[in-house]
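Given next are the chains, with one letter for each unit.
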Amino acid sequence: MLSSAILLLLAPLGGAPQAALAWDARRAEHLLNRASFGANTRAIERAVALGPEALVDELLRCDAWVEEPFYSRKRLDGEVYRRLMSVSGEAQYEGVDRQHAADRAQSQDFVLWWVERILAARDPLRERMVLFWHGHFTSSLGLVKSSYEMIQQNQLFRRLALGNFRELLHQVAHDPAMLLYLDSDSSRKEHPNENFARELLELYTLGEGNYSEQDVGEVARAFTGWSQADGRFYLNPKRHDEGAKHVLGVELREGDEVLEVVLAQAACARHIARALLSYFEGLEPAPERLERYAAGLRADWRIDSFLRRLFLDPDFYRDEACASRVSSPLDYLVGAAQRLGVTPPPSLAFAGAALLGQRLFFPPTVRGWEGGDNWTTSASLVLRGSLAGVLLGRVPAGELLGATLARGSMEESMEGLGANPLAGNKDAAPEPTAPRRRLGRDVAAEVRLLDGLDWLPRLNLTQRFGRAGPPSDEALARALLEEVLAIPAPPALVTRITERLARERLAQGLGSEPWTSRPEQCEPLLRELAHAVLCLPEAQLD
Amino acid sequence: MSPPLDRRMFVFGSAAALARPAGLRGRSAPQRTLVLVQLTGGNDGLSMVVPYADDVYGRARSSTRIPAGELLRLDERIALPRTLAGLHALHQDGKLALFEGVGHPYPNRSHFRSLDIWHAAGPRERGAPSGWIGRCMERLTGLSPFAVVHLGLRPPFALASPRQPPVVVTPAILLAGDPALSPALAQARELECASPGENPALAGVRARWHQAQSALLEVRAAFEQRRPNVVYPPTDFAQDMRNAAALIHSELGVRVISLELGGFDTHRDQRIRHQRLMAELDGGLTALRADLERSEGGREALVLVFSEFGRRVVENASDGCDHGKAGPALALGSRVRGGLHGRGPSLTELDDGDLAYTTDFRSLYAGCIEHVFALAPEDVLGARFPALGFV
């Protein structure tokens, strides 16, 4: 579907074809880290052989058609709501709970389907862009409160992930989840709700400083009456302000016209180009480069051609941009799984990423996930290591959380609620009668997923590193680091691990035998080292 | 050879054996602590400090109005909703300082811009490395690595400081089982070393990594050791309060604890949502106050409650209120001079439909900076703001 569009755009705008791109394993891995979700050494070898153009073509050539599971609407409104309200008492409560549980289950099922695609590297670049748009045109299930609309929005992102930004923007403005998330749905001409208008200008299209407060008010008027029902957009004429509005110096009436006026601003292409460049490079773009990419984007609004230019741009591979982006939780977990060559259940990657601050369908604010250093809080740095332990089969998923839960350390204050909460008696601090789980506002559902998880990786590092003949300790150390890390093996670490292998060789009485000839001793040691390496600062970058 | 190892790294789970940060042992008087409670989303001030006697309030609000029967009067003009009964009692005891119309001269209805202004204590300059708390910390000496703790996922910019970054404690980290975790971390610590010429991104992660290793285990131990004599309500916010009290009573040298209560962006269905939030806030703050009142260290703690902005005076058609400007703030503590400070905002002389501010939020900061950190406020804030004498 996309290949014809790509061929037309092979030559970058305003210049000779970028033939000067040097191509090697380091660059191939860089591209696969950023455009896909990481790759193991075999995939990198293949990518080197393919060459950059063919690899980028392959990444952009996604399935024309994705079979997405069918879901129905489970929002508690309309006929469902009326029916529930007609019964009374306990039956009504039960009905409401049932409805909510069904809706939660549905959203979870869909997100797991999504994560499964990411883990299986099905259309990795498209799924990467679905994730990007989810963080750009944010909507949260927490406010939308209905899985169906969230799923529809995700499908919209998937359909247009690499397509035309102009079309995507129009569709997002009409998207039921967005209408609910930013309150357009309840905005009336008497009291226009500015939520969508403000985020449209500030976050989705222009960026701060490129519009006035008055523009926000006028845009809000233009979008009054944009409503949704039964998962579909409709214009409510009674709520719609028909009058003339003045937005960015243009007189107009309708929301669609607002979007066109916004798209015509130079700031819009610049804002989107900046978002894409800083997402894929992990750095703020230099001004001239940003202008060049913004101009390219504005010419056709095609995301695929934008990305093609980027991935074939030698600047994308400059030293500063390589191995220097803090991995998002999904990049860390999915990347580690790819490199180790294990296929964890999607619930592990989904729940793990959520625990690390990247909960799909729940962006933390309308600004999405801010990324960069925000990912590496003191808490997440420690948790990442324990999740890596699950991927390696060294930490059972259930135990990851079990130790704390069983101890009941946080729980005693939840008991004894019948008593006067402030009548504290020094000698009679309430004792827990039974361990209660206190899982925190945002993690309960994910923890439940991890709790029931019984999974061990199918993994044989010994065999893999021995495939080219018995390695020396140093070669084994290097192979391990190259396989496990998304960045080139740091020399000092190669030395440390070589020393460790030598010490263990003595301790275990191995003599001069290669490690790989003793799988019983080699495999646990390699997994232990891989686990330790995944805890290191070096493993937090891609 | 491995470098000398920090002993703290290897006492996982063994709370009694934990080494204390140097410089804290043998300390005489408890140091003061600041607890920052951010009501994220834009707290509707008119539903928190209700100007019940003003006709304009009744006219501007219908679905979001708090009925007269649900109000606890503070005076002839204003009242608290009955969901804030605990705070009302604190007010009667003179332990609650109340500020109305808190804001600033740079009103912006974006959550992010407004939060930035609160966190930077003024317009945030692009690339500015430190928030207002960070700037305070940079002026203090002998701080423990645990001086600034954020309970939650994302630390606010207020805490940012290249020299004294906050320790971040999420609910999830409390779930990380150390028995499974510690061997790998100990291994990692043994392997860890910088390679020559590594890029700044890696150096940055490495610095945070070192801090993370020791910090979380000690904080976790502090939470586990403490058995408060007060029952905290079973809400997430109250549990954060309980953890805050544990940190205040620990010997980790914590000077600032930051946390947030979210959900205040009440564009629709405001009344029920806001009431729930007020009840959660009240339960948590009241329990914390009772807990802190019982110890010397606790009595030196000051709690500051704020939000990035208030909401519009006139409600919207979705039974909610849109982003506005000035709003109320609270300060609680044994050392607080209770009562109303500053002037209440006018409901008729509005700034573009919003309450105009009567108290610059940096006056509150000035009080905290002087009282809690014994620093000169104008040094940190870059200008002099009238002290309100609330502490």
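All figures in this text were calculated on a predicted structure; none of them were measured in a lab. (Residues numbered from 1 in each chain as written. Chains lettered and ligands numbered in written order. Predicted model: local features only at pLDDT ≥ 70, side-chain atom pairs only at ≥ 80, totals over all residues.)

(A) Looking closely at the overall build of chain B. Along the backbone of chain B there are 11 helices and 11 strands. The buried share of chain B, taken over its 391 residues, is 57%. Contacts in chain B between residues at least 24 apart in sequence constitute 73% of all its contacts with a sequence separation of at least 6. (Helix = DSSP H or I, 4+ residues; strand = E, 2+ residues; numbered from the N terminus. Buried ≥ 20, exposed ≤ 12 C-beta atoms within 10 Å, placed from the backbone. Contact = placed C-beta atoms within 7 Å.)

(B) Examining the overall build of chain A more closely. Secondary structure summary: chain A contains 26 helices and four strands in total. In chain A, which comprises 542 residues, the share counted as buried stands at 48%. Pairs at least 24 residues apart make up 73% of the contacts formed inside chain A by residues separated by at least 6 positions.

(C) How the structure looks around the packing of helix α24 (residues 473-484) of chain A against helix α26 (residues 519-535) of chain A. All names here are of chain A. Running from N to C, α24 and α26 cross one another at 50°; their axes reach a closest spacing of 10 Å. Overall, the two elements α24 and α26 adopt an arrangement that is oblique. The two elements α24 and α26 cross, and the hand of that crossing is right-handed. In this structure, α24 uses Leu480, Leu481 and Val484 to contact α26, whose residues at the interface are Leu526, Leu529, Ala530, Val533 and Leu534. (Axes fitted to C-alpha atoms, helices over the stretch in contact; angles between N-to-C directions. Parallel < 35°, antiparallel > 145°, perpendicular 65-115°, else oblique. Left-handed = near helix turned anticlockwise from the far one by under 90°.)

(D) Broad picture of the domain arrangement of chain A. Residues and elements named next belong to chain A. By the assigned domains, chain A splits into domain 1 (329-412 + 441-451) and domain 2 (462-540). Counting residues at the interface gives 13 residues for domain 1, matched by nine residues for domain 2. Looking at the side of domain 1 that touches domain 2, the elements that each hand over two or more residues are α18 (329-340) and α20 (378-391). With five residues, the top contributor of residues to the side of domain 1 that touches domain 2 is α18. Grouping the amino acids of the side of domain 1 that touches domain 2 by side-chain chemistry returns five nonpolar, five polar and three charged. (Domains from an automatic or database assignment. Nonpolar A, V, L, I, M, F, W, Y, C, P; charged D, E, K, R; others polar.)

(E) Local environment of the nonpolar core. Among the nonpolar cores identified, the biggest contains 255 residues, and Leu480 of chain A together with Val303 and Leu304 of chain B are the most heavily contacted of them. Tallying contributions element by element places helix α6 (residues 200-225) of chain B first for this core, with 12 residues. Residues from two domains meet in this core; each of domain 1 (329-412 + 441-451) and domain 2 (462-540) of chain A gives at least three. Non-local contacts of valine 303 of chain B, meaning those with residues more than four positions away in its chain, are made with Val35, Val37, Leu285, Leu288, Ala331, Leu332 and Gly333 of chain B. (Core = buried A, V, L, I, M, F, W, Y, C linked by C-beta atoms within 7 Å.)

(F) Main features of the packing of helix α7 (residues 236-249) of chain B against helix α8 (residues 270-292) of chain B. Residues and elements named next belong to chain B. Two elements in contact, α7 and α8, have axes whose closest approach is 8 Å; the angle formed by their N-to-C orientations is 20°. Between α7 and α8, the angle falls in the class roughly parallel. Crossing angle aside, the handedness with which α7 passes α8 is right-handed. Where α7 abuts α8, its residues Phe237, Ala238, Met241, Ala244, Ala245 and Ile248 lie against Glu280, Leu281, Gly283, Gly284, Leu285, Ala287, Leu288, Asp291 and Leu292. Looking at side-chain class alone, the contact of α7 with α8 contains 11 nonpolar, two polar and two charged residues.

(G) Region of the structure containing the pairing of strand β5 (residues 148-151) of chain B. All names here are of chain B. Burial along β5 is two-sided: the face carrying Val148 and His150 and the face carrying Val149 and Leu151 are both buried. In the sheet, β5 pairs with strand β7 (residues 256-261) via four bridges, with the strands oriented parallel. Bridging across to β7, leucine 151 finds its partner in leucine 259. (Pairing = 2+ DSSP bridges.)

(H) Layout of helix α10 (residues 361-373) of chain B. Residue and element names in this part refer to chain B. Here α10 spans 18 Å end to end across 13 residues, near enough to the 18 Å set by a 1.5 Å rise per residue. The element α10 is extensively covered by neighbouring structure, given that 12 of its 13 residues are classed as buried. Within α10, the full set of buried residues consists of Phe361, Arg362, Ser363, Leu364, Tyr365, Ala366, Gly367, Cys368, Ile369, His371, Val372 and Phe373. Just downstream of α10 lies alanine 374, where phi reads positive at about 50°. (Expected span 1.5 Å × (residues − 1).)

(I) View of unusual backbone geometry. Even without a glycine there, the phi angle at alanine 323 of chain A is positive, about 55°. Within the secondary structure layout, alanine 323 of chain A lies in the loop between α17 (303-311) and α18. Backbone geometry places alanine 374 of chain B, a non-glycine residue, at a positive phi of 50°. With 10 C-beta atoms packed within 10 Å, alanine 374 of chain B lands in the exposed category.

(J) Representation of the confidence of the model for chain B in the model. All names here are of chain B. Per-residue confidence for chain B averages 87 on the pLDDT scale, and 89% of its residues sit at or above 70. Predicted confidence is poor over residues 1-28, with pLDDT under 50, and the contacts of this stretch with residues over four places away or in other chains come to 38 contacts. Confidence estimates for the predicted assembly give a pTM of 0.76 and an ipTM of 0.85. (pLDDT = per-residue confidence, 0-100.)

(K) Quick peek at the confidence of the model for chain A. Counting all residues, the mean pLDDT for chain A is 86, and 87% of those residues have values of 70 or more. Across residues 402-443 of chain A, confidence stays below pLDDT 50; counting only partners more than four residues off in sequence or on other chains, it has 65 contacts.

(L) Geometry of the environment of proline 162 of chain B. Relative to the assigned elements, proline 162 of chain B resides in the loop between β5 and β6 (167-169). Between the alpha carbons of proline 162 of chain B and glycine 204 of chain B there is a distance of 9.9 Å; along the sequence they are 42 residues apart.

(M) Geometry of α20 of chain A. Most of α20 of chain A sits out of view: 14 of its 14 residues are buried. Count one or two residues on from α20 of chain A and you reach glycine 393 of chain A, which has phi positive near 75°.

(N) Layout of the pairing of strand β8 (residues 301-307) of chain B. Residues and elements named next belong to chain B. With seven of its seven residues buried, β8 lies for the most part within the structure. With burial as the criterion, each face of β8 is covered, one bearing Ala301, Val303, Val305 and Ser307 and the other bearing Leu302, Leu304 and Phe306. Bridging between strand β1 (residues 33-39) and β8 involves seven bridges; their strand directions are parallel. Note that in β8 the partner of leucine 36 across the bridge is leucine 304. Pairing analysis gives three bridges linking β8 to strand β9 (residues 327-332), with the strands arranged antiparallel. Paired with valine 303 across the two strands is leucine 332, which belongs to β9.

(O) View of the environment of tyrosine 52 of chain B. All names here are of chain B. Position of tyrosine 52 relative to the elements: it lies in the loop between β1 and α1 (55-60). On a C-alpha basis, the gap between tyrosine 52 and proline 67 in space is 8.8 Å, while along the polypeptide they are 15 residues apart. With residues up to four places along the chain from it excluded, the contact list for tyrosine 52 reads Tyr57, Ala68, Leu71, Ile78 and Ala79.

(P) Here's a closer look at the environment of glycine 342 of chain B. Residues and elements named next belong to chain B. Looking at where glycine 342 falls in the secondary structure, it is placed in the loop between β10 (339-341) and β11 (359-360). It is 7.3 Å that separates the C-alpha atoms of glycine 342 and leucine 388, two residues lying 46 residues apart in sequence. If sequence neighbours within four positions are ignored, glycine 342 has contacts with Phe99, Glu100, Gly101, Thr358, Thr359 and Leu388.

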